[in-house]
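# Geometric and topological summary
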Amino acid sequence: MLPHELTVWRGPVMIIAAKEIKDSLRNRWVTVIFAIFMLLALSVTFAGSAVSGTLSFPALASVITSLSTVSVFIIPLAAILLSYDAFVGEEEAGTMLLLLSYPLTKRQIFMGKFVAHSAIMVTAITISFGLSAAILLGFGDGYLWGKTLSAFGQFILSSSLLAVTFILISYLVSVRSSEKAKAVGSLLSIWFSLVLIYDLILLALLVADLGSTAQVIVNAMMLLNPTDIYRAINLFSTGTQFGGVALLTKSSLSSGLLYMLLSIWVVLLAWLSQRAFARKAI
Amino acid sequence: MSELEPAVRLAGVSHHFAEQRVLHDVELVLARGTTLALLGHNGAGKSTLMKMILGLISPAQGQVEVLGQRLQCGERPTSIGYLPENINFYDKLTGHEVLSYFAALKGERSTRVSQLIEEFGLGYAQHKPVKSYSKGMKQRLGFAQAIIAQPKLLLLDEPTVGLDPQASQFLYSKVNQLRDQGCAVIICTHELNLVEPHLDVAMMLGRGRCLAFGSLAQLLAQSELGVQITFNAIESVVSKHAPLAEFYHQGDLRCSISQRAWLIQYLTRECGIFDFDIKNPCLADIYNEKMTQMQSCNEQGLSFTSSISYSSNWSLNNVTP
Ligand SMILES: Nc1ncnc2c1ncn2[C@@H]1O[C@H](COP(=O)(O)OP(=O)(O)OP(=O)(O)O)[C@@H](O)[C@H]1O
Ligand SMILES: [Mg+2]
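Nothing here was measured: the structure is a model prediction, and the numbers come from that model.

Rules of the game
Residues numbered from 1 in each chain as written. Chains lettered and ligands numbered in written order. Predicted model: local features only at pLDDT ≥ 70, side-chain atom pairs only at ≥ 80, totals over all residues. Heavy atoms only, no water. pLDDT = per-residue confidence, 0-100. Contact = heavy atoms within 4.5 Å. Donors = N, O, S within 2.8 Å, 3.2 Å for Na, K, Ca; no water. Helix = DSSP H or I, 4+ residues; strand = E, 2+ residues; numbered from the N terminus. Pairing = 2+ DSSP bridges. Axes fitted to C-alpha atoms, helices over the stretch in contact; angles between N-to-C directions. Buried area = accessible area lost by both parts, 1.4 Å probe. Salt bridge = Lys/Arg side-chain N within 4 Å of Asp/Glu carboxyl O. Polar contact = N/O pair within 3.5 Å; in protein donor to acceptor, adjacent residues only side chain to side chain. Patch = residues over 30% accessible without salt bridge, like charges linked within 9 Å, V, L, I, M, F, W, Y side chains within 5 Å. Areas by Shrake-Rupley, 256 points an atom, 1.4 Å probe, with all protein chains shown as cover. Buried < 20%, exposed > 50% of the residue type's maximum accessible area, 1.4 Å probe, protein only. Domains from an automatic or database assignment. Near = heavy atom within 4 Å. Expected span 1.5 Å × (residues − 1). Phe/Tyr/Trp six-rings, centres within 6.5 Å; stacked < 30°, edge-to-face > 60°. Lys NZ or Arg CZ within 6 Å of the ring centre and 35° of its normal.

### Brief notes about the confidence of the model for chain A
Residues and elements named next belong to chain A.
- Considering every residue of chain A, the mean pLDDT works out to 85; 87% of them sit at 70 or more.
- This stretch, residues 241-245, has a pLDDT under 50; its non-local contacts, to residues over four places away or in other chains, come to 11 contacts.
- In the predicted structure, residues 248-252 sits below a pLDDT of 50 and forms 10 contacts with residues beyond four places in sequence or in another chain.

Okay, here's the thing in C-alpha cells:
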C-alpha cells in the first residue's frame, strides 16, 4: 500500500501538478482572482450591514442568489485566466517539446496540469465562500445549520464544477491555438457569449412570446449552456424563483439531473481536450 | 547486447511537412562514444532530424533506431538528453526550481541539482527567477538540464548560442567527458570553428539531403580544397624558382594537402624561406565548398548527392562526392 502511494505522490503527474501550482501562485492574476473571490464573498455577506449600519445579514436565499449572480461571471473568467496558456504557453516557450522528449506520456502532462488548476480553483472557491458561510453561522441569527451548510455545500460544489468546465474549455482552446494572444481572444469571446449573449438571445425568445414551443426550446437551450445549468442549480438549492432562469425551475427538472448535466459537460470537455492534445502534431 | 548496438541508426529517413520535403533519404550510423556535428544552412532540416531521433516526429519513410531500440510510431526512447533550440524556461520559477523539476521528472536526486548548479556557475543566481537570467545563463541551465541524468545519447540543438567563450569551452569539455564515458553526442551548430576541435564525425545537410559525412580528415580528402602558403615578396621568389610557378595563384601558393610537405621542404631548402603562413582548410572551408557545390548543382538541375556512404566507422569509409 505504502510504496504504491509513494509512487503516485512522486509520480510524474504530481511532479507536474506541484510545478504548475508553484508557477500559478507566482502569477499576479491568481492573486487577483483570490482577492476578488474573497471580496465578493465578504461584500455579499455584509451587504445588509453596510446599508443599515448595524450588523445584520441577508436571508440565506438572497446570499446564495447574489453570490451566484456574480460568480457566474467571475468563476469562468478566473478559470480562463488561470489556464488559457497551459498548452499554448509551453508550446511557445519550447518547453512542451522538451517535456515530450522526457519519458512522460501526454496524458500525464495533461493530468498534471488539470490536477493543479482544478486544485487552485476549488481551493479559492472553498475558502472564500466557506468563509462567508462561517460568518453567517457564527455571527448571524436564525440561520439553520443544516440548511445553510447544504446551500453553501451545493454552491461550492456547483461553482467548482463550473470552474472545472471552464478550465477544460480553456485547455481545448489552448491546445488548438498557435499563439497565446489568440487563445485569450477566443476564450474571452466564448466567455462573453456563454454568460451574456446566450442569455440575451433566450430572453429575446421569451419576450417574443411564441407560445409553448418557444418555452420548450428555451428550456432545452438552457441545458446546453453550462453557465445556465449552474444558475439553475443554485436557484434550486434555495428554492427561490426569480430571474430569467427561474423559468427552468418550473419545469420538471430535478437538481440531481442538473448536476448530472454539468458533469456530462465536464466529461465531454475532458475527453475532447485530451484528444485534441493527444492528436496535436509537434 | 544492446551496448554494442550503435547509438543511432537511420535508414532511408524521409519526411515532409504538408507538401514541403524536409528530409530526403537520410542515412546515419552513429557509434557510441562519438560526437557528431550536424551542420547545414537555416532550414536544412537539422532540428527536424533531431526531433525524429527523439521520437517526437515519426518519419514518413524509413527507420529510426535509437540505442538499439527500433522506434515505433509515437514511442520515445529513454536515456536521452536533449537541449532544444530557442527554449524559454518557466520564467517565474527560479533556476534551482526549474532544474529540480526536470531532475524529478527523470527521477534524479536533488543533490545532483545542487552539484550541477555549482558546476555551471549558476550558484549566485539559483534562487532568482529565470526571467532575470541572461541569455547565456538560460543556455547553461538548458545544458545542465540535458545532462542531468547521465544520458547515453545527447542531442544539443545550437547549444553555444549566447554563450561566452569560456562557457562554450566548458560546454565542450563536458561534452567530451560524456563522450569518453560512452555517450553518443549530436551537436547541431552554426559555430563551426567552435565545434571543429571536438567532433569525431560531421554530417552536412543541405535542403534535407546529406551532402557529406565523415571525419574531418575524410572530408578534407574528399574536398578539392588546398593549402595556402603566403610570405613576403612572394612574386620575386616565384620568378626566381620555376617549380613554384605552377602553385602560384593570385598572390599566394596553393597546393593540395598531399603536396604540402614537399612544398614546405622546397621553400625552406631551396629558397631559404622560413617565415611563412600556412593556412590549412578548416571545417568552415569544407562547409562553404559543399554549400556552393549544392547551389550550383541545384541551378543546373543536377543531383549532388549520389553515392555517399554514411557510417561513423570511418575506416570502412570511402567517400566520393
Ligand atoms: N512544424 C513545422 N511545420 C511546417 N514546416 C516545418 C515545421 N518545422 C520545420 N518546418 C520546415 O522544415 C524545414 C527544416 O526545418 P528545421 O527546423 O529542421 O531547420 P534547421 O536545419 O534546424 O534550421 P535552423 O538552422 O534555422 O535551425 C524548414 O523549411 C521549416 O520551414
Ligand atoms: Mg534548427
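### Structural notes on the coordination of the magnesium ion (ligand 2)
- Protein ligation of the magnesium ion (ligand 2) involves Ser47(B) (OG), Glu85(B) (OE) and Glu85(B) (OE), the donor distances falling in the range 2.0 to 2.8 Å. Taken together, the residues Ser47(B) in helix α1 (residues 46-53) and Glu85(B) in the loop between β6 (80-83) and α2 (95-105) connect sequence positions 38 residues apart.

### Quick word on the sheet that holds strand β2 (residues 20-30) of chain B
All names here are of chain B.
- The 4 strands are arranged β2-β1-β4-β5 in an open sheet whose pairing can be described as antiparallel. For this open sheet the edge positions go to β2 and β5 (69-70), each flanked by a neighbour on one side alone.
- When strand β4 (residues 61-66) meets β5, the two strands line up antiparallel, connected through 2 bridges. In the sheet register, Val-66 faces β5, and the bridge partner there is Gln-69.
- The strands touched by α1 within the sheet are β1 (8-17), β2 and β4, with β1 carrying the most contacts at an inclination of about 120°.

### Concerning the interface of chain A and chain B
- Residue-level contacts link 21 residues of chain A with 22 residues of chain B.
- Summing both sides of the interface, chain A and chain B together bury roughly 2,300 Å²; the carbon and sulfur share of this comes to 67%.
- Together, Arg26(A), Leu98(A) and Tyr102(A) form the three largest contributors to the area buried by chain A at its contact with chain B, with a combined 27%.
- Among the salt bridges present, the one from Glu97(B) reaches Arg26(A), with a minimum N-O distance of 2.7 Å.
- Viewed at the interface, chain B and chain A are joined by 5 residue pairs in polar contact (both at pLDDT 80 or more).
- Sorting the residues of the side of chain A that touches chain B by element identifies α2 (12-25), α5 (88-93) and α6 (95-100) of chain A as the ones contributing at least two each.

### Examining a nonpolar patch on the surface
All names here are of chain A.
- The grouping of Phe-192, Leu-196, Ile-197, Leu-200, Ile-201, Leu-203 and Val-207 at the surface amounts to a nonpolar patch, some 610 Å² of accessible area in total.
- Within the secondary structure, Val-207 sits in helix α9 (residues 180-208).
- You can call Val-207 exposed: its relative accessible area is 67%.

### Re the domain arrangement of chain B
- With domains assigned, chain B is organised as domain 1 (8-220 + 304-318) and domain 2 (226-279).
- Look at where the C-alpha atoms of domain 1 of chain B and domain 2 of chain B centre, and you get two points 42 Å apart.

### Topic: the sheet that holds strand β11 (residues 227-230) of chain B
All names here are of chain B.
- If you walk across this open sheet you meet the 4 strands as β12-β13-β11-β14, and the pairing is antiparallel. For this open sheet the edge positions go to β12 (248-249) and β14 (277-279), each flanked by a neighbour on one side alone.
- Note: β11 against strand β13 (residues 252-255), 3 bridges, orientation antiparallel. Looking across to β13, one finds that Gln-228 is bridged to Arg-254.

### Quick notes on the site of ligand 1
- Taken together, 15 residues sit near ligand 1, with Gln20(B), Gly43(B), Lys46(B), Ser47(B) and Thr48(B) positioned nearest.
- Of the chains in the model, those with residues near ligand 1 are chains A and B.
- The separation between an oxygen atom of ligand 1 and a polar main-chain atom of Gly45(B) is 2.9 Å.
- Coverage of ligand 1 by the protein chains reaches 67% of its 640 Å² of free accessible surface.
- Elements that contribute at least two residues to the shell around ligand 1 include exactly β2 and α1 of chain B.

### Details of the environment of Ala217(B)
All names here are of chain B.
- Looking at the element boundaries, Ala-217 is found in helix α7 (residues 216-222).
- Overall, the relative accessible area of 54% leaves Ala-217 in the exposed class.
- Linking Ala-217 and Thr-34, residues 183 residues apart in sequence, is a C-alpha distance of 15 Å.

### Examining the pattern of salt bridges
- Applying the stated criterion to the full structure yields 18 salt bridges over all chains.
- A salt bridge links Lys113(A) to Glu20(A), with the nearest nitrogen and oxygen atoms 2.8 Å apart. Of this pair, Lys113(A) sits in helix α7 (residues 106-139) while Glu20(A) sits in helix α2, placing them 93 residues apart in sequence. For the residue pair Lys113(A) and Glu20(A), the accessibility class agrees, reading buried in each case.
- A single salt-bridge network, built from bridges that share partners, covers Lys19(A), Glu20(A), Asp23(A), Glu90(A), Lys113(A) and Lys92(B).

### Some remarks on helix α13 (residues 255-279) of chain A
- Between the first and last C-alpha of α13(A) there are 36 Å, a value that for 25 residues agrees with the 36 Å anticipated at 1.5 Å per step.
- Here α13(A) has its buried residues at Leu258(A), Tyr259(A), Leu262(A), Val266(A), Leu269(A), Ser273(A), Gln274(A), Ala276(A) and Phe277(A).

### Focus: unusual backbone geometry
- Positive phi, normally seen in glycine, also occurs at Asp25(B), with a value near 55°.
- Positionally, Asp25(B) belongs in strand β2.

### Quick look at the packing of aromatic side chains
- For the structure shown, the criterion picks out 19 aromatic pairs over all chains.
- Judged by centre distance (6.3 Å) and plane angle (45°), the rings of Phe155(A) and Tyr230(A) are tilted. Of the two residues, Phe155(A) is situated in helix α8 (residues 145-176) and Tyr230(A) in helix α11 (residues 226-238); the sequence distance between them amounts to 75 residues.
- Accessibility expressed as a relative area gives 0% for Phe155(A), which makes it buried.
- Given the relative accessible area of 0%, Tyr230(A) is considered buried.
- Ring centres of Phe120(B) and Phe170(B) lie 5.1 Å apart, and the angle between their planes is 90°; this geometry places the pair in the edge-to-face category. Of this pair, Phe120(B) sits in the loop between α3 (110-119) and α4 (135-146) while Phe170(B) sits in helix α5 (residues 165-180); the two residues are 50 residues apart in sequence, bridging distant segments of the chain.
- An aromatic cluster is present here, built from Phe87(A), Phe110(A), Phe114(A), Tyr171(A) and Phe277(A) joined pairwise through their rings.
- Sitting above the plane of the Tyr90(B) ring, Lys19(A) keeps its charged end 3.6 Å from the centroid.
- Over the aromatic face of Tyr102(A) sits the side chain of Lys106(B), whose NZ or CZ is 4.3 Å from the ring centroid.

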